[in-house]
Amino acid sequence: MKSHKSHPLIVGTLILTITGLLSRIIGFFYRIYLSRLFGEEGMGIYQLLSPVLSISFSLTAAGYQTAISKLVAEQTATKKRPSLRPLAVGLSISLPLSLLCNLAVWQLADPIASHLLQEPRTASMLRILSFSIPLAAVHSCVNGYFYGIKKAGIPAVSQLLEQLARVGCVYIVSAFSISAGKAPSISIAVLGLTIGELLSMFFSIAAILPRMPGKACGAAGRLSSTLARPFKGSQNLYGRLLQMALPLTANRIVLNLLQSVESVSIPACLRLHGYDNVTALSVYGVLTGMAMPLIFFPNALTSSVSVLLLPVISESYVLGDMAAVRKAAVRTVKYCGAMGLCCMAGFVLLGKWAGTALFHSPLAGYFITTLGFICPFLYLDTTLSSILQGLGMAGRIFTMNALCLLIRLGFIFLAVPRFGIAGYLWGLLAGQLTLAVLYLACLYRFLRKH
């Protein structure tokens, strides 16, 4: 019985890890290509778009994907065949929200660029980015369904296709621009992101169509029939999904607003330290566009585990199998902690070499070496958050993450103007350490109580 339950997690983790590693390897070399194509300042400008992307995803998709996964996992635990109703309900809310968000970002691109991101050159990129929002919402909801039934192959392949389409688009368009004697614009990278989301959405829809009822009406008819289905006697399902999704969405929005303040404030506080605008953007670009992707590279494994832990923990908790919950939690802490310590040693010892050899940037090497110390806490936090989500502790997770971000913001506003970018690195370490301790304390109290 226990080995059967662990089987989907092991197989799903293996699938997600392999495709995740492939995707991250592609993305890693893609970052190197972008840094050499657009330079450090260009990478800094591109990274300024991340707050808009993360807030729009939080508003339109993230909470609904998790809620769909949790509802489907609960149905899988109590029924032989999970229903598509949670997916249809989630899409009927997420898709209209994403289209409204698409329109808002398109219309307000200029004020967002000038007043919020404090970089007018991002306006044209925001307009391109806006079209990726509904595409991401659809494929995220479909992925939530497949995570819920523990079929990780579809989300894994869609992730890989998205990365391949993104890189291929940027390479082809930039090569064409160079051959025409024109300097490629950083907007090409945003176009590649949108094309990647488009391809992954088409793949997700193609994967879910065979599971929809009806054969004679064709693919379009089955899709419209499934989307209309939640309006027929599913008021209770709407209530349950919104009860799960709204707190998650609110939490993600607040946290991403804090992260947005963090992202925008780093270049501003670096200017207070004495950097000019180009240097501030360059330092920010090296940190977020070169060093941090390398630090997050091993997180492919912990991210795979965390995605699949949520439905597994939810299913075990619904069935009252606390022994399975405890076993999964203990194994997660043990193996993710050990992996984090190994990665920390590697980054601390080889960070300077990696920055110079891979990015031709000694500054990137300094960042990699310093950020290596957060690895044990960073990788552990990813999986602990998923376990606590599966146990229904979304409110506590929000509070703990908000505290972590407030610590980092405190370091940005107080330490960065005085000590430069080193002040932000200290804040990252303090924040991740605090979050790990709080997560572990919360999980320990829950397991001890039950």
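Structural data are supplied above this passage.
Read on for an overview of the structure. All values derive from a computational prediction rather than experimental measurement.

## A look at the layout of surface pockets
- Approximately 280 Å³ is the volume attributed to the second largest pocket.
- Forming the boundary of the second largest pocket are 15 residues, of which P51, V52, I55, I112 and L116 lie nearest the centre.
- Where the lining of the second largest pocket is concerned, the elements lending two or more residues are α2 (50-78), α3 (85-107), α4 (109-116) and α10 (235-273).
- Looking at the lining of the second largest pocket element by element, the count peaks at 5 residues for α2.
- Across the lining of the second largest pocket, the residue classes break down as 13 nonpolar, 2 polar and no charged.

## Some remarks on the pattern of salt bridges
- Using the criterion set out here, one finds 4 salt bridges in the structure.
- Across the pair E119 and R121 runs a salt bridge, and its minimum N-O distance is 2.8 Å.
- The closest approach of N and O atoms between E262 and R408, which form a salt bridge, is 2.8 Å. Within this pair, whereas E262 is found in helix α10, its partner R408 is found in helix α16 (residues 394-414), the two being separated by 146 residues in sequence. Taken individually, E262 and R408 each receive the classification buried, so the pair is uniform in this respect.

## Here's the deal with helix α6 (residues 132-148)
- With 17 residues, α6 ought to run about 24 Å at 1.5 Å a step, and its terminal C-alpha atoms sit 24 Å apart, in line with that.
- Taken from the residues just after α6, K150 is the one with a positive phi, measuring 60°.

## Regarding empty space enclosed by the protein
- Evaluation of the coordinates by the stated rule reveals 2 cavities of 30 Å³ or more.
- Its volume calculated, the second largest cavity comes out at about 50 Å³.
- In terms of lining residues, the second largest cavity is bounded by L48, L117, Q118, E119, V264, P267, R271, N277 and L281.
- Take the lining of the second largest cavity: its biggest share by element is 3 residues, from α10.
- Tallied by class, the residues present in the lining of the second largest cavity amount to 5 nonpolar, 2 polar and 2 charged.

## With respect to the nonpolar core
- Membership of the largest hydrophobic core comes to 67 residues, with the highest contact counts inside it found for L126 and L371.
- In this structure L371 touches L287, A291, M292, I295, L425 and L428, once residues within four positions along its chain are discounted.
- Counting 27 residues, the second largest nonpolar core, distinct from the first, contains L87, I208, L209 and L237.

## Digging into α4
- For α4, the complete set of buried residues consists of A109, I112 and A113. Buried residues along α4 cover an arc of 95° about the axis, so they all sit on one side.
- A positive backbone phi angle near 55° is found at Q118, which sits one or two residues after α4.

## Some remarks on the packing of helix α11 (residues 277-295) against helix α13 (residues 322-359)
- Contact pair α11 / α13: the axes reach a minimum separation of 11 Å and the direction vectors enclose 135°. One way to sum up the angle between α11 and α13 is to call them oblique. Between α11 and α13 lies a crossing whose hand is right-handed. On α13, the residues that touch M290, L294 and I295 of α11 are F347, A354, L358 and F359.
- Partitioned by chemical class, the residues of the contact of α11 with α13 number 7 nonpolar, no polar and no charged.

Thresholds applied
- Residues numbered from 1 in each chain as written.
- Predicted model: local features only at pLDDT ≥ 70, side-chain atom pairs only at ≥ 80, totals over all residues.
- Heavy atoms only, no water.
- 1 Å grid on protein atoms, 1.4 Å probe; cavity = no way out; pocket = protein on both sides within 12 Å on 5 of 7 lines; lining within 4 Å.
- Points joined across faces, edges and corners; volume = space filled by probe spheres on them.
- Helix = DSSP H or I, 4+ residues; strand = E, 2+ residues; numbered from the N terminus.
- Nonpolar A, V, L, I, M, F, W, Y, C, P; charged D, E, K, R; others polar.
- Salt bridge = Lys/Arg side-chain N within 4 Å of Asp/Glu carboxyl O.
- Buried < 20%, exposed > 50% of the residue type's maximum accessible area, 1.4 Å probe, protein only.
- Expected span 1.5 Å × (residues − 1).
- Core = buried A, V, L, I, M, F, W, Y, C linked by side-chain atoms within 4.5 Å.
- Contact = heavy atoms within 4.5 Å.
- Arc of directions from axis to C-beta.
- Axes fitted to C-alpha atoms, helices over the stretch in contact; angles between N-to-C directions.
- Parallel < 35°, antiparallel > 145°, perpendicular 65-115°, else oblique.
- Left-handed = near helix turned anticlockwise from the far one by under 90°.

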